[in-house]
Every structure is written in C-alpha cells, then in structure tokens.
Amino acid sequence: MTGAGRALVAGVDSSTQSCKVVLRDAVTGELVRSGRAAHPDGTEVDPAAWMTALTAAIADAGGLDGVAALSVGAQQHGMVCLDSDAKVVRPALLWNDTRSAGAAADLVAERGAAEWVRATGSVPVASFTVTKLRWLAEHEPASAARTAAVALPHDWLTWRLGGSGDLAALTTDRSDASGTGYWSPADNAYRTDLLEAAFGRSPALPAVLGPRASAGTIPGGIALGPGAGDNAAAALGLGAVEGDVIVSIGTSGTVFGVSPTPAADETGAVAGFADATGIFLPLVCTLNAARVLDAAARLLGVDLARLDELALQAPPGADGLVLVPYLEGERTPNRPHATGAVHGLRLATSTPAHLARAAVEGMLCALADGLDAVLAQGMRAERVILIGGGARSAAVQAIAPAIFGVPVVVAPPGEYVADGAARQAAWLLSGEPEPPQWIIAGSRTVEADPTPAVRDAYAQARELVRDMPA
C-alpha cells in the first residue's frame, strides 16, 4: 500500500529504443509516477542491457514502493538463446534484424505459405523467431549447439525478475508466443515439428501462460503477470474491444484489433497473432508511416506544423495528385524493392499544398489497405483508434475518418504498451474474470464523410508501382 492506502501496479514497456515504467493505481488506473531509460542502438543486443535499463527506469520512477503486481510488455519476436547453465549464448537478435530474410524465404519455400498459415496463423518473415533460429543453425552452428532454451525479450525479463535462474521457470504468454512461428494461436499449442524442421531439434521453450496467470513473484513479494507482446499490450492499455481497430502511426505503421476468431491469411499480409485477453489480434504492418510526413516536410522545406496547414488548404483528393508512399519499399503489399511515386502532377497541382495533401492521403490510404486486409479476415471496424507520433498531426486527424470511412478516436499521447502491462498486473491482482475498466481521459472523436474517390485514385496509382529488382 502507498501512504494514501492505495495498491499500485507497475507496467513495463521494454521496446527497441528504451524501457518505460508506469506505476498506476490498481483500481482507477490513475498514473502515480513513471520513469524511463535508453536501450543501446543496433539490431542485436546483450539482454543484460534490458535489465540494466529496467533497473534504471524503475529508479527513475521512484522505485517499486507500494507496488503489489508488475507485468512486462516488450518488443515482439527476437531471439534469446540460453545454454544449459542458463547463460546467454550470444547477443539477442531483435525483430528488426533482417539477416534472417533468406532463412524466412527458405522456410516458406520448404512448406508453402498455406501450410504455415494453417499451422501458425502467419507466414514467416525475417522478424519471426523461427527464421532467426534457422539463420543461427546455418551461420553459427557452435552457438546453435550450445542453445538449450529459446526465449523472447519479455520472457527473459520476466524470468530474470523472478530470480529463479532455472530454465524450467521460463514463461511467456499467448500474444508473444504467436510471433515465434512455432506456436499455434488457434490450437493454443507449440508446433515443435516446425521448430525441429527449422533448427534441427527442439530446445526447451517457455510455458505459455493464460492472460490472468501468475508468472511467479519478484523477490520481496511483488506478483508477476504473464506479460505480453507490445501490440497486444497496447490494445489492452487502450481498452480495445471487438469493433475497435487500432492504427498506430510511428516509424512503421500497424493496423490491428481484437477478434474472437483467429486470422488465416495465406497472402501473408495479415499476421494471425493472439491478444492479451485470451482471443486473437490480427495485425498488418506497413513500412512507411510517419516518415512519409517527414519526407514531405523536407521536400517542401517546412516543419510538420506547416505541413499540416498546407495539407488542409488543398481539397480532398488534391485535384488528382496521388502519392504512393513506398519510400522504403513496402511490406503490405509485399514490394520490398519498390520506390515511392507521384501521379497526376500537372501545372495546377504543382503547389506545396497539393503535395502536402497527397502525402497525408497517400500514407493514410496505405494504412487503409491494411484495414481492408484485417476486415477481410472477419474483423469489424466500428471505429479506428489512432495512436503514435504521426497521430499528433492535425491534418492526419482531420483527413483520417474520410479515408478510413469510420469515426476516428484520437487517443492522447501515452505509453500504451506500459499501460497495458500495468492493466494486466491489476487484472492479476484483482482475480476478476475481466480486466479493470480504466478510463482514458482526453480522447476525442473525429468524423467526416467518406471519400471513396480518394481511395479509388490511390488504388489505380498503386497498381502502377512495381517491385524493382534487388
């Protein structure tokens, strides 16, 4: 208890760039204090750096005094290999390490996309743990031979917090397990046959806990929740329910939401993940999101606030000017070597306002393609919840409901992954069948008439863009 007699819960977001910790009231969700610390750069890292950052972030938050339960949300996928003495074999490969892209292609070729989807709900890509294990077996056989157990980032942190040091004490949750490539969300079970085919054998794997299960305690008595992958934790932090689709506009873009049925998209556009409440989290990822706005602002020599002003001066559809925003290639659709393109450039559309509008609409139309993909998997979209750095754009907020065709809720800036982990910890503490209902203050809803002509023009321009040779 705190001095005011309140039980607190702590939520952790161990992301690629940093570690954030929030302490919230277990009943109301009121933010009491928070802290953060940086992670090292790179696509591989010694997991000890995560624990160092977590310790520093907890200290920055004023410690864990009064905390009754804690859960860890973290970057998905990745690969933490442990030997028989529970020591880290090599630096962890992160989700954004692409050296396993060839391994991913090989695994898909060996079984076919349809078989992978039937088995795990997703087609493997370079971020998935199974592809990194194939890469390890082929390129670092000595490290592969030492590997006695494989964990994910949040598994390792939860295990270290528990202090046991026993490989048998490793745990994970459904949401993170669903991004490995060797666990089935539909069957709620590991597919060790896939792991053996990829790695040559099946090392020990963490026990997969349910959403309200205990992962043990931190020495001193703080209860540990099962944790979650970052997207599932964000959905829980936002209180997303069926009918909500979350669109996150960061460096990359994600489109996801909770669903009572598992996804099975043989095109690979939709990843069939699990969520943090016991059901499912179909998800689409695009490579180009907020950086499209940054690039347009650079081209025009303005800041982002001025870009917003310019975009809102041009009419919907920018008088036929269309920007296809594949500036870094694209993942959805799968055109990794494509480039961006501008169509409909005429004297009348050669203005800063038209280009600004086309950039915002192009980015949103690409995300709307992701929305179409998850809807094709049976999800409902009664509203879109907009989060991420790009969601702060006034032009994005104004234009998004017209592009998505549904009301858009603009969530206030927040640490939703850490908040979701804290809400999970409060759920564990309460023992109730449903998570606590925390109110997110400061959200607002924006509505606009749909503009299907903008989507149609974008679709026509998009089909003129082709993947280029590597």
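Residue positions are counted from 1 within each chain, in the order its sequence is given. Totals for whole chains, interfaces and linings use every residue, but because this is a predicted model, local features are given only for residues with pLDDT of at least 70 and side-chain atom pairs only at 80 or more, for both listing and counting. For side-chain calculations, the full set of non-hydrogen atoms in the structure is used, while hydrogens and water are omitted.

Enquirer: Explain the overall build of the protein chain to me, please; I cannot follow it from the model alone.
Expert: Numbered from the N terminus, helices here are DSSP runs of H or I no shorter than four residues, and strands are runs of E no shorter than two. Tallying secondary structure elements over the protein chain gives 15 helices and 24 strands in all. Relative to the 2.2 N^0.38 estimate, which gives 23 Å for 470 residues, the radius of gyration of the protein chain is 22 Å and therefore close to what a compact globule would have. In terms of its C-alpha atoms, the protein chain occupies a principal-axis envelope of roughly 70 × 60 × 40 Å. Within the protein chain, buried positions represent 57% of all 470 residues. In what follows, a contact means two residues having at least one pair of non-hydrogen atoms within 4.5 Å. In the protein chain, once contacts between residues fewer than 6 apart in sequence are set aside, the share between residues at least 24 apart is 71%. Here the globule rule reads 2.2 Å times residues to the power 0.38, and the radius of gyration is calculated from C-alpha atoms. Throughout, exposure labels follow a simple rule: accessible area from a 1.4 Å probe, protein chains only, divided by the maximum for the residue type, with under 20% read as buried, over 50% as exposed, and the rest as partly exposed.

Enquirer: Would you take a moment to explain the pairing of strand β19 (residues 280–286) for this structure?
Expert: The side chains of a regular strand alternate between the sheet's two faces. With seven of seven residues buried, β19 lies mostly within the body of the structure. Side chains of β19 alternate between two faces, with Phe280, Pro282, Val284 and Thr286 and Leu281, Leu283 and Cys285 buried alike. Should DSSP find at least two bridges between two strands, the strands are regarded as paired. Here strand β17 (residues 253–256) pairs with β19 via four bridges, running antiparallel. Each residue of the ladder has a partner; that of Phe256, found in β19, is Leu283. With four bridges joining them, strand β18 (residues 271–274) and β19 adopt antiparallel strand pairing. Across the sheet, the residue bridging to Ala271 is Leu283, located in β19. Linkage of β18 to β19, two consecutive antiparallel strands, is achieved through a turn of five residues, within which Gly278 is found at a positive phi near 115°.

Enquirer: Please explain the pattern of salt bridges as it appears in this structure.
Expert: Note that side chains of opposite charge can pair when their charged atoms are close. Here, a salt bridge means any side-chain nitrogen of Lys or Arg that lies within 4 Å of a carboxyl oxygen of Asp or Glu. This model, assessed by the stated rule, comprises 22 salt bridges. The partner of Asp193 in a salt bridge is Arg191, and the shortest N-O contact between them spans 2.7 Å. Judged by relative accessible area, which is 32%, Asp193 ranks as partly exposed. Residue Asp244 pairs with Arg383 through a salt bridge whose shortest N-O separation is 2.6 Å.

Enquirer: How should I be thinking about helix α3 (residues 113–120) in this particular structure?
Expert: Residue pairs spaced three or four apart in an α-helix point in one direction, given the helix's 3.6 residues per turn. When we look at burial in α3, the residues that qualify are Trp116, Val117, Ala119 and Thr120. Buried residues of α3, viewed axially, fall in a sector of 165°; they line one side. On its buried side, α3 packs onto α2 (101–111), α4 (129–139), β10 (183–184), α8 (192–199) and β18. The positive-phi residue at the C-terminal boundary of α3 is Gly121, with phi of around 85°. This arc describes the spread of directions from the helix axis toward the C-beta atoms.

Enquirer: Help me out: how do you make sense of α8 in this one?
Expert: Of all the positions in α8, only Leu194, Leu195, Ala198 and Phe199 are classed as buried. Down the axis, α8 shows its buried residues gathered within 110° of arc, on one side only. The inward-facing, buried residues of α8 contact α2, α3, α4 and α5 (141–146). Two residues or fewer after α8 comes Gly200, characterised by a positive phi angle close to 100°.

Honestly, that's just the spatial picture; any functional story needs more than this.
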